[in-house]
Amino acid sequence: MPRTVTRLVGRSAELGELVAALEHAAAGSASVVVLDGDAGMGKTRLLTELRSTAESRGQLILLGHCVDLGDAPPPYLPFTEAFARLAIQQPALVDEVRSRFPAIWRLLPRSGETVSEPGDRADRGELFEAVVGAITALAEKQPLLFIVEDVHWADQATRDLLGFLFTRLTLEQIALVASVRSDDLHRRHPLRPTLAQWSRLPAVQRLHLDPLGASEVRELVRSLTGGVPLPENELRSIITRADGNAFFAEELVVAGQYADVQALPWQLADLLLVRLDRLSSEARELVRVAAVAGRRVPHGLLADVVDLPPAALDSALREAVDAHIIEPTPSGRGYTFRHALLAEAVYDDLLPGERVRIHAAFASAVADRPDSAPELARHARASHDLPTAYRASVRAGEEAMAVAAPQEAMKHFQAALEIAPMLPDPAALGADDPAPLVLAVVDAAVAAGRSYRGLRLAREALAALPADAPALTRAQLLYAVSFAGVGGEADLDMLHDTAEALRLVSDEPKSLFKIKLKALYARLNLIFGREVDAERWARSAIEDARELGCRGALADAETTLAVLRRRADEPAEAVERLQAVAEDAQRAGEVIAELRSRYNVGSLYYEQGDLAKAQSAYETAWRRAREVGRPWTIFGMDARGMTGLVQYARGDWDGALRTFDVTGEAPTGLAEALSASAALAIRVARGEPDAGELFAKLRPWWERESRIAVNTVVAMLELHEQHGDTDAACALLDDAIPVLAELWQDQWFLGRIRFSALAVATFGAAVPRSPEATRARLVEQARQLYEDGRTSLDKGLPEGRRLGVEGAAWLARLEAEWARLRWLADVDPPTEHDHIALWRAAVAGFDPDGGFGSVFEQARSRARLAAVLRAAGHGPEAAEQADLARMAARALRAEPLLAEIRALGTSPADRAGARGGRGTAALTDREAEVLALLVEGRTNRQIARQLYISEKTASVHVSNILAKLGVRSRTEAAAVARAG
C-alpha cells in the first residue's frame, strides 16, 4: 500500500503564487485566484497545502464545494457549506455575522423548516450584499482564506454570486481561491465564458496547473512508494501513460501493487475499479452506496442507507479510507471520494438493479430532511418512484424561485412536467390538471429569459389537452401561451387566444388568475394598437385588482395605462405614473411588473429624444434585473440592449461594446445573439474586416426576435454602402422585410424609413463607380426604395400619431440621400439651394438639441453637407462642417467615415496647397483624382458631381493638370496618365 504523500511535488511555483495571495490579503489587498487544471493535476492537493499554510499563519478559513447533482443542483451550495462549517466551528462568530447581515440566514442550515414559503422570494441583490458584508466582517477580525472547489459544477446562481464577489473585493483582508476542472469545460459549458470575463477583472489572477514533467513524475512515484524503487520499465510505463497527470500516476502505482500494470487497459475507470476490487465485500458495498450519493456524503446519511451494523460500518469505512478511495471531510461529519472520477467510475460500474435499489434507499433517507427537495427528486426519479419524484421536483422548483434562481426552478418544474404523464395515479397528486405546473414552468422560463422554451412547452400542453377538458384548465393554458409569447414576439393569435380564455372564464368569480388574464389582454391590445380596448381592459383589471389586493396584476395594468398616456401626448404624467408603479411593484416584490414599468420610462424618454435620461432609466431597469436575478428576462435583456444602443447613439461606442459584451455571463442564446447584433453596427462602422462574417450566425435568429433582424439589417446596409454593393443591399431587404412584416403584422412598419435611407445611400456610393450609361437605371432602382420609405410614413403611422424624433431624423435623411443620388447621377438633380437645405435638415435631425442625438449619423450627414457646400462654392462653411464631422469620426474611430471625409479634400493639409514641380508627381491628391476621371472621359460637370466640387473648381483643377503635365488638351493629359 503506498504511503500518503506528505510533500508537495512539482508545484512549488504555483504554491508560491497562492501564498503570495495570502500575503497580499494579510496586507489589506484582496486577492482572487482561479486555479484551473485537468482532473488529477493536483488542484485539491495544492489547496490542501495552501490551507495548511493559512492555518499556520492564524488565518480564518472558509471552505465550500460545488457538487455534481445533475442538471439542477441547489443554488449557492458552496456558500451554504462554508457558513455551515463555520457555524459548527465558531457558532458565536456566525451568530454575530447573522445579526449584522440577516439575509444570510437563507444560506445557513436549519432544521424542521423549508427554505421558504413559495411566495417568499428573496431579493437577490440583498442576498449578494449580505454575503459580501458577512465575509468582509469576518476578515476584519483576521485575514481570511475562502476556497471554493469544483466551480465547474456550480449552478448559475453560485456563478453569479462568485462574480459579484470578485468585482466587490478591493482592500479587504481576503484571499479567495476557486478551483476549476478545465477538461470538463466543453464548448457549451456555462462556466467557459464566465471564466473569460473573470480573467479580465483587475482583482482576478488565473493560475493554471500544467502537466508535470517526466522528472517530477519520477519524484512523485518515489514518494508514493515510500522511496522503494520500481523496475525501470514499470516506472517508464507509468511516466508515459500518466502523461504528467499526478492522479493517473498515483492510480497506476496503486494498481501496480495488485496486478500486472502492463496488462491493465488505459481507461481510467478500469484503473479505479482495480482498487475497488481489492476491498472486502462490505467496503465495496459502502463505496458503491457512497458513489450513488455523489462525491460527498454525510456520515449520518451514509449510515442510514448502508445495511451494516455500526461496528461493521466503521470497519468498512476504515478500509475504504486506508485504500485512499474516500477520505473524511475537513468537518469530520462526512466522507468524500478522493477524486471525483472515482465516484463516477464506481457509479458507472453499478448494475441497473443496484442503482435503483440504492437510489431508493437514499430517497427514503432524505425524504423528511429539510432543504432536500433537489436531492430527493434526483434519487426518487432514478429509483422509479415517480410520485415522490414529482412532488420533490415541484417543491425544488418553488424553493429555487424563492431564492431568485429561475433557471434551476425551470429545470425542476420541467422535470415534474415530464414525470406527470407517467404517474400511476395523477389525480392523487393533482397532476391530472397540467395547467398549474405549466404556468409554473412558464413563469420560471420567462424569469430566466427563456420565453421561447416556455412558449413551446405551453403550446405542447395545450395541444395535448383533451376536447372535454375543464374550461378553466384550457383558459389557463391559453394564458400561459400568451404570457410566454409577450416575452418574445407576440402575434395576433395570442391576442385571440387571450380573448378566448376570457370568454371561457366569463362566468367564473373574480380571482387572481382572471385579473392577470385581463391585464395580459390589455397589454396585448396595446401591442397591436387597439388602444381603446387596451384602456378598457386595463381599467377593468385595475378595479378588480384593487378589490382583491392583486398587486402584480395591478402594476401590469397600470403600466399599460401609463404607456397609453405616453401615446396620448402626456409624457410628463406618464413618466410620473410609470415611476410610481415601478416603486409600488418593487415594494410588492412583483419583479416583472417593476421591470416593465422601468423599461417603459426609458422608452418614453427615448421617443422624446432625451437620450441622457433614457440611458439612465434603461440602466436602472438593467441594474434591477440583475439584482433580482432576472438579467435575461425580456425587460432586463431589452433594457440592457437599449442601454447599449443609446450609448451607441450618444457616441460612447466603447461603453456600448462593454454593455453588449456577455463574456463571462450565462446568457440565453437569444440574449447573446441580440447583443452581438447590436454590437455589429459598431464593428462595421469602424471598418473591422471580419465584421460581416457574423451575419450568417445571426440570420437564423430573425424569426425569433425582430430586434436582431433590425440590428443586423442596419449594420449590413452600412457595410454594403461601404462597398457600393446595391445588389446585396436589395437582396438583404427582400429577405428581411417579409420576416419583419410577419412578426409585426404590418408590411409598412416605420423602420422601413431608415432601411430606405441607408439603401438609397448604397446606390449613392455605387454611382461614382458605375459607367455613365447605367446611372439612370440605378436611380430608377433606388426610386422604389425611396417610395417604400415614404409609403411607410403614410401607412405605418397610426392615425392621430406624430412621427417621433428618431423617425423624423431618418425621414430627413431619406430625402437628403435621394437628392444626393440624383445629383451624383445627374438624373433630375435637385437645385443647389434645395440640396443644401435637405442636408442641413438631416444634420439638424440628428442634433441632440431638438432632434435625435446620434453622433455618428450627424457626423455622416455633416460630411455629405460639406460635400454639397463645397460643390456650391461655399468653401469656408464646407471646411467647418467637414472639420466637425472629422472630429466626431476620429473620436468614434469610424475609419470608413474618415475615409469619406478625407476624400473631400478639406483637411488642413489639403487646404495648405499643392506640391510644386512638374509631371504626375507634382499633382495634388485631388488633381490625381481629377486626372483619373479625365482618363475615363468625364466632363467637368461629371467630375464636379462625383467629387462634390463646383464645375468652376473642376475647371481650375483641369487647367492646373494641363500645366503641370506640359500638355495642351485633356486627351493629351489622359494619354500621359495611361503611359505612366
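**Student:** What exactly am I supposed to notice about the overall build of the protein chain here?
**Tutor:** Across its full length, the protein chain carries 47 helices and eight strands. Expressed as lengths along the three principal axes of its C-alpha atoms, the size of the protein chain is roughly 115 × 80 × 50 Å. Counted over contacts in the protein chain with a minimum sequence separation of 6, partners at least 24 positions apart contribute 68%. Accessible area of the protein chain: about 40100 Å², with a carbon and sulfur share of 51%. Mean positive and mean negative side-chain charge positions of the protein chain (115 and 137 charges, respectively) differ by 4 Å.

**Student:** Hey, could you run me through the nonpolar core in this one?
**Tutor:** Across soluble globular proteins, nonpolar side chains have a tendency to be buried as a group. Residues F166, W198 and F337 are the most contacted members of the largest nonpolar core, which totals 163 residues. Considering each element in turn, this core owes the most residues, ten residues, to helix α5 (residues 124-141). With residues near it in sequence (within four places) discarded, F166 still touches V32, V34, L176, W198, L201, A203 and V204. Among the nonpolar cores identified, the runner-up in size contains 107 residues, and L719, L743, L811 and A867 belong to it.

**Student:** Explain the confidence of the model for the protein chain here, please?
**Tutor:** Caution is warranted with low-pLDDT regions, since their predicted coordinates should not be read in detail. Across the protein chain, the average pLDDT comes to 86, with 91% of residues at or above 70. In this model, residues 111-120 is a region of pLDDT below 50 whose contacts with residues beyond four sequence positions or in other chains number 19 contacts. Residue range residues 261-266 is modelled with pLDDT below 50. Its contacts to residues more than four positions away, or to other chains, number 18 contacts.

**Student:** Explain the sheet that holds strand β7 (residues 326-328) here, please?
**Tutor:** By way of backbone hydrogen bonds, the strands of a sheet pair with one another, either parallel or antiparallel. With antiparallel pairing, the three strands of this open sheet are ordered in space as β6-β8-β7. Only two strands of the sheet have a single neighbouring strand rather than two, namely β6 (296-298) and β7. Between one strand axis and the next, the sheet turns by 25° as a mean value, whatever way the strands run. Two strands pair when backbone bridges link them, and β7 and strand β8 (residues 334-337) are joined in this way by three bridges, in the antiparallel orientation. If you follow I326 over to β8, its bridge partner there is F337.

**Student:** What is the right way to look at the packing of helix α20 (residues 435-447) against helix α22 (residues 471-485) in this model?
**Tutor:** A packed helix pair is summarised by two numbers, namely the angle formed by the two axes and the spacing between the axes. Running from N to C, α20 and α22 cross one another at 10°; their axes reach a closest spacing of 9 Å. The orientation of α20 relative to α22 falls into the category roughly parallel. Judged by residue contacts, A435, V438, L439, V442, D443 and V446 of α20 engage T473, Q476, L477, Y479, A480, F483 and A484 from α22. Here the contact of α20 with α22 is built from residues that sort into ten nonpolar, two polar and one charged.

**Student:** Before we go on, may I ask you to explain the pattern of salt bridges in this structure?
**Tutor:** Two side chains of opposite charge can pair, provided their charged atoms sit close to one another. Overall, the coordinates contain 58 salt bridges when judged by the stated rule. The salt bridge partner of R864 is E817, with a shortest N-O separation of 2.5 Å. Of this pair, R864 sits in helix α40 (residues 855-871) while E817 sits in helix α38 (residues 805-825), and the two are 47 residues apart along the sequence. With a relative accessible area of 3%, R864 lands in the buried category. If you follow the salt bridges from partner to partner, you end up with E718, E721, R813, E817, R820, E857, R860, R864 and E900 in one network.

**Student:** Help me understand the sheet that holds strand β5 (residues 204-208), please; the structure alone is not making it clear to me.
**Tutor:** Strand order in the open sheet formed by five strands is β2-β3-β4-β1-β5, with parallel pairing between adjacent strands. Each of the sheet's edge strands pairs with one partner strand only, and the pair in question is β2 (60-65) and β5. When the angles between neighbouring strand axes are averaged without regard to direction, this sheet yields 15°. Sheet analysis places strand β1 (residues 31-37) next to β5, joined by five bridges and oriented parallel. If you follow V34 over to β5, its bridge partner there is R206. Along the sheet, α5 contacts β2, β3 (144-149) and β4 (174-181); its crossing angle with β3, the most-contacted strand, is approximately 140°. The strands touched by helix α7 (residues 191-199) within the sheet are β1, β4 and β5, with β5 carrying the most contacts at an inclination of about 120°.

**Student:** Looking at this model, I keep getting lost on unusual backbone geometry. Mind explaining?
**Tutor:** Trans is the prevailing form of peptide bonds, just as negative phi is the prevailing case for residues other than glycine. Its identity is not glycine, yet D150 carries a phi of approximately 60°, on the positive side. Relative to the helices and strands, D150 resides in the loop between β3 and α6 (156-168). With a relative accessible area of 5%, D150 lands in the buried category. With a phi angle near 55°, Q745 is a residue other than glycine that sits in the positive phi range. One can find Q745 in the loop between α35 (726-744) and α36 (751-766).

**Student:** What exactly am I supposed to notice about the packing of aromatic side chains here?
**Tutor:** Each aromatic ring pair is characterised by the separation of its centres together with the angle its planes make. Going through the model one piece at a time under the given rule, you end up with 17 aromatic pairs. Aromatic side chains Y648 and W653 sit 5.4 Å apart centroid to centroid with 10° between the ring planes, which places their arrangement in the stacked category. Given the relative accessible area of 1%, W653 is considered buried. Here a set of aromatic residues connected by ring pairs shows up, and it is made of Y76, F128 and F164. Here the basic side chain of R626 rests over the ring of W622, its NZ or CZ set 4.6 Å away from the ring centre. The ring centre of Y452 lies 3.7 Å from the NZ or CZ of R704, which sits over that ring.

What counts, and where the lines are drawn
- Residues numbered from 1 in each chain as written.
- Predicted model: local features only at pLDDT ≥ 70, side-chain atom pairs only at ≥ 80, totals over all residues.
- Heavy atoms only, no water.
- Helix = DSSP H or I, 4+ residues; strand = E, 2+ residues; numbered from the N terminus.
- Contact = heavy atoms within 4.5 Å.
- Areas by Shrake-Rupley, 256 points an atom, 1.4 Å probe, with all protein chains shown as cover.
- Lys, Arg positive; Asp, Glu negative; His and termini not counted.
- Charge placed at Lys NZ, Arg CZ, Asp CG, Glu CD.
- Core = buried A, V, L, I, M, F, W, Y, C linked by side-chain atoms within 4.5 Å.
- Buried < 20%, exposed > 50% of the residue type's maximum accessible area, 1.4 Å probe, protein only.
- pLDDT = per-residue confidence, 0-100.
- Pairing = 2+ DSSP bridges.
- Axes fitted to C-alpha atoms, helices over the stretch in contact; angles between N-to-C directions.
- Parallel < 35°, antiparallel > 145°, perpendicular 65-115°, else oblique.
- Nonpolar A, V, L, I, M, F, W, Y, C, P; charged D, E, K, R; others polar.
- Salt bridge = Lys/Arg side-chain N within 4 Å of Asp/Glu carboxyl O.
- Phe/Tyr/Trp six-rings, centres within 6.5 Å; stacked < 30°, edge-to-face > 60°.
- Lys NZ or Arg CZ within 6 Å of the ring centre and 35° of its normal.

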